[in-house]
Amino acid sequence: MINRRAFGKMVGAGAAAALLGNRPGLSWAATPHEPALRNTSFGPLKQINAGVLNVGYAEAGPADGPAAVLLHGWPYDIHSYVDVAPLLAAEGYRVIVPYLRGHGTTRFLSDKTFRNAQQAVIALDVIALLDALKIEQATLAGFDWGSRTADIIAVLWPRRCKALVSVTGYLITNRESNRKPLPPKAEWAWWYQYYFATERGRLGLEENRHDLAKLIWKFNSPTWDFDDATFDRTAAAFENPDYVSIVIGNYRWRLSLAEGDPRYDRLEKRLAEGPVIAVPTITLDGESDPFTPAGDGAVYRGKFSGKYAHRTLRGIGHNVPQEAPQAFAAAVVDVNGL
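Computed from a predicted model, the values in this text were never measured in an experiment.

**Topic: the pairing of strand 6 (residues 138–142)**
Moving residue by residue along a regular strand, the side chains alternate between the two faces of the sheet.
Reasoning step 1: Counting buried positions over the five residues of strand 6 gives five, a clear majority of the element.
Reasoning step 2: Judged by which residues are buried, strand 6 turns out to be covered on both faces: Ala138, Leu140 and Gly142 on one side and Thr139 and Ala141 on the other are all buried.
Reasoning step 3: Two elements, strand 3 (residues 67–71) and strand 6, share five bridges in a ladder whose sense is parallel. Opposite Val69, over in strand 6, you have Leu140 as the bridge partner.
Reasoning step 4: Relative to strand 7 (residues 161–167), strand 6 runs parallel, the two being bridged by five bridges. Residue pairing in the sheet places Gly142 in a bridge with Ser166 of strand 7.
Reasoning step 5: As a crossover connection, the stretch from strand 6 through helix 4 (residues 145–156) into strand 7 is right-handed.

Below you can see the structure in the form of structure tokens.
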């Protein structure tokens, strides 16, 4: 077990005490980039056929423990959770960390399958994985694409989501609303989605996937002094043969520049309504994340109708689980006690 930090070093110490009580072990201390937590590998990965994919995933913890599924974003991979997974395994969780479609060892079963990257289909991939692993219900936790995917499952299949940890809160996309411009500073932070809207951007991602991702890591996490080895472990996941088509497809779909699969129109219509999430939820914001909205979570508070807590992590950027693994793991444990 990891020794708990003094509450004087925590963010919002009073709120922390109320949520954590006197439970020893994991804390959500906001001391970033804990040097003692530097795992580099999950060990041998597993593969399983699930829906249209053969999914590569890491697993840790007891097979009969409560399931926790940890979902990565872009441009990241399962190594965002390389320190979180053993912490949760030590708490008795069965931890599943899958590569999303287009990443790492996850592959399409058929060359003929449409390389679709709309939000609903990525959530369906996770449902298919739960089915393949015979997991009826799991705590879902994620950031970036992973937050969006977990949010969607909590809305559309709430019985499969015991509880939710969502970095940056409510990320379900409404494409019609997405047509409206953001303030210039926010638009500037999203430069790459506009780059990807062009053929030049597609070729740029194809030819410079390593350097482009590293640039985004530095922008997204300005206080995180990651080394080359840490980045390179993740960058290997970008060599997936479907990486470019999935990344480009995802961002173009969000901007209404690419169509999804009509079979999922009903699901997307439901998501476009902005449904509230009723499962127990903890939202996390990295204070140094350029995509974190102002207001300490207030901007999306109304999207969560169930038991709820919010935590802002000082000095932490976009890749919350890798920058603050103890805080992320604590949120997964604590959300099950709300």
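Next, the rest of the story.
**Brief notes about the nonpolar core**
Reasoning step 1: Counting 103 residues, the largest nonpolar core has Leu70, Trp74, Leu88, Phe196 and Phe328 as its most contacted members.
Reasoning step 2: The dominant element in this core, judged by the number of residues it contributes, is helix 3 (residues 119–132), at nine residues.
Reasoning step 3: Setting aside residues no more than four positions away along its own chain, Leu88 makes contact with Leu70, Tyr93, Val95, Ala329, Val332 and Val333.

Procedures and definitions
Residue positions within a chain follow its written sequence, with the count starting from 1. It should be noted that, the model being predicted, local features are given only for residues of pLDDT at least 70 and side-chain atom pairs only at 80 or more, the latter also being counted only at that level, while totals for whole chains, interfaces and linings use all residues. The basis for the side-chain values is all heavy atoms of the structure; hydrogens and waters are excluded. Using a 1.4 Å probe on the protein chains alone, a residue whose accessible area is under 20% of its type maximum counts as buried, one over 50% counts as exposed, and one in between counts as partly exposed. Numbering of helices and strands starts at the N terminus; helices are DSSP runs of H or I of at least 4 residues and strands are runs of E of at least 2. Only when DSSP finds a minimum of two bridges between them are two strands counted as paired. Crossovers are marked right-handed if the path from the first strand over the helix to the second runs clockwise, as seen with the strands pointing away from the viewer. Here, nonpolar core refers to any group of buried Ala, Val, Leu, Ile, Met, Phe, Trp, Tyr and Cys residues whose side-chain atoms link them within 4.5 Å. Contacts were defined at the residue level, with two residues in contact if any of their heavy atoms lie within 4.5 Å.

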